[in-house]
Amino acid sequence: MANPPRAWQRMLSGRRLDLLDPTPMDIEIEDIAHGLAFVARWNGQTKGDFAYSVAEHSVLVEKIFGRLQPDAPVRWRLAALLHDAPEYVIGDMISPVKAAVGPSYSALDDRLTAAIHIRFGLPAQIPVTVKKQIKKADRISAWLEATQLAGFSVAESNKFFGRPNAEVIAGLELHLRPPLEVRAAFTARHETLLAQL
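Residues numbered from 1 in each chain as written. Predicted model: local features only at pLDDT ≥ 70, side-chain atom pairs only at ≥ 80, totals over all residues. Heavy atoms only, no water.

> I would appreciate a short explanation of the overall build of the protein in the present structure.
Looking only at helices and strands, the protein features ten helices and two strands. Starting at the N terminus and ending at the C terminus, the protein contains elements arranged as β-β-α-α-α-α-α-α-α-α-α-α. Radius of gyration (C-alpha) of the protein: 17 Å, near the 16 Å computed for a compact globule of 197 residues. Its C-alpha atoms put the protein at 60 × 35 × 30 Å along the principal axes. (Helix = DSSP H or I, 4+ residues; strand = E, 2+ residues; numbered from the N terminus. Rg over C-alpha atoms; globule rule 2.2 N^0.38 Å.)

This is the structure:
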C-alpha cells in the first residue's frame with residue numbers, strides 16, 4: 001500500500017504546517033510575512049522592478065479598511081491585514097483560476113484562515129458584515145493596483161472592481177518595494193495592531 005501524499009510544508013521558522021489540518025500553534029507571523037512578501041499578485045504581470053506582493057496588498061487593504069471604517073475595533077483591522085494570509089502557503093490564484101479549481105480551494109483557504117485567526121486572537125470566522133467591509137476594501141485595492149500597476153484603464157477597472165469613492169483613495173499611490181522591506185512593513189503593522197488589542 002502506497003504512503004499518502006505529503007500534505008504539510010516546513011516553514012523557515014521550523015514549524016511544520018499540515019495543510020489538511022492546520023493548527024494555530026504551527027503558525028508564526030514571521031512565516032506569513034515572509035511568504036506573502038514573495039507571492040506576486042496579478043501573476044506577476046505588473047509594472048516595475050519588483051513584483052507587487054500579497055504582503056504589500058494586505059497592508060494597503062488594512063489602510064483602506066481603516067478609511068472606510070474609522071471606528072472599527074482593532075481586531076477587525078487585524079482581520080483586514082490577515083485577509084489573504086493563507087496565501088503564504090497556497091499562493092495567490094487569480095479569480096479565473098480559483099473558479100476553475102472549484103470549492104476545494106475555498107475549503108483549504110477556510111481551514112487555514114480559521115487557524116490563523118485563532119492564532120492571533122480572532123474568532124475562527126469573522127462576522128459576515130465585517131467580511132463584506134474587508135471585501136470592499138479589497139476591491140478598492142484591486143482597482144488601485146489595476147490602474148496604477150497592472151495596465152488596466154480606468155474604465156476597465158470601474159467595470160471589474162467598481163469605481164471607488166475619490167475621498168477613500170485620495171493620496172494612495174502604490175510604490176513597489178523589495179520583498180524584505182515589504183516583509184518588515186507587514187510585520188511592523190501586525191505588531192502595532194496586536195499591541196492595541
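> Got a minute to help me understand the packing of aromatic side chains in this structure?
Geometrically, a pair of aromatic rings is defined through the distance of the ring centres and the angle of the planes. Applying the stated criterion to the full structure yields five aromatic pairs. Taking 6.0 Å as the distance between ring centres and 85° as the angle between the ring planes, the aromatic pair formed by Trp 42 and Phe 161 counts as edge-to-face. Note that Trp 42 is positioned in the loop between α1 (29-37) and α2 (54-68) and Phe 161 in helix α8 (residues 154-161), a separation of 119 residues in sequence. A relative accessible area of 19% means that Phe 161 is categorised as buried. Taken together, the aromatic side chains of Trp 42, Phe 152, Phe 160 and Phe 161 make up a single cluster linked through ring pairs. (Phe/Tyr/Trp six-rings, centres within 6.5 Å; stacked < 30°, edge-to-face > 60°. Buried < 20%, exposed > 50% of the residue type's maximum accessible area, 1.4 Å probe, protein only.)

> What is the right way to look at helix α7 (residues 128-148) in this model?
One turn of the α-helix equals 3.6 residues, which is why residues spaced by three or four share an orientation. End to end, α7 covers 30 Å across 21 residues, agreeing with the expected 30 Å (1.5 Å per residue, within 8%). Buried within α7 are the following residues: Val 130, Ile 134, Ala 137, Asp 138, Ile 140, Ser 141, Ala 142, Trp 143, Leu 144, Glu 145, Ala 146 and Thr 147. Residues of α7 that are buried make contact with α2, α3 (74-81), α8 and α9 (166-169). (Expected span 1.5 Å × (residues − 1). Contact = heavy atoms within 4.5 Å.)

> What am I meant to see in the nonpolar core here?
A general feature of soluble globular proteins is that nonpolar side chains tend to end up buried together. Membership of the largest hydrophobic core comes to 57 residues, with the highest contact counts inside it found for Ile 32, Ile 64, Leu 82, Tyr 88, Leu 144 and Phe 186. For this core, the secondary-structure elements that each account for two or more residues are α1, α2, α3, α4 (87-90), α6 (103-119), α7, α9 and α10 (179-196). Ignoring anything within four residues of it in the chain, the contact list for Leu 144 reads Leu 60, Ile 64, Leu 149, Ile 169, Leu 172 and Leu 174. (Core = buried A, V, L, I, M, F, W, Y, C linked by side-chain atoms within 4.5 Å.)

> What is the right way to read the pattern of salt bridges from this model?
Side chains bearing opposite charge may pair, as long as their charged atoms lie close to each other. This structure, assessed with the given rule, holds seven salt bridges. Residue Arg 119 is joined to Glu 28 by a salt bridge in which the shortest nitrogen-to-oxygen separation is 3.4 Å. With Arg 119 in helix α6 and Glu 28 in the loop between β2 (16-18) and α1, this residue pair connects regions lying 91 residues apart in the sequence. The partly exposed category is assigned to Arg 119, whose relative accessible area is 32%. Judged by relative accessible area, Glu 28 falls into the buried class, the value being 17%. (Salt bridge = Lys/Arg side-chain N within 4 Å of Asp/Glu carboxyl O.)

> Just checking my understanding: could you explain the packing of α1 against α10 for this structure?
Relative placement of two packed helices is described by the angle separating their axes and the distance separating the axes. Taken N-terminus to C-terminus, the directions of α1 and α10 make an angle of 140°; their axes are 8 Å apart at the nearest point. In this view, α1 runs oblique relative to α10, as classed from their interaxial angle. Judged by the twist between their axes, the crossing of α1 over α10 is right-handed. Taken together, the residues of α10 that come into contact with α1 (itself represented by Ile 29, Ile 32, Ala 33, His 34, Leu 36 and Ala 37) are Pro 179, Arg 183, Phe 186, Thr 187 and His 190. Here the residues of the contact of α1 with α10 are counted per class, giving seven nonpolar, three polar and one charged. (Axes fitted to C-alpha atoms, helices over the stretch in contact; angles between N-to-C directions. Parallel < 35°, antiparallel > 145°, perpendicular 65-115°, else oblique. Left-handed = near helix turned anticlockwise from the far one by under 90°. Nonpolar A, V, L, I, M, F, W, Y, C, P; charged D, E, K, R; others polar.)

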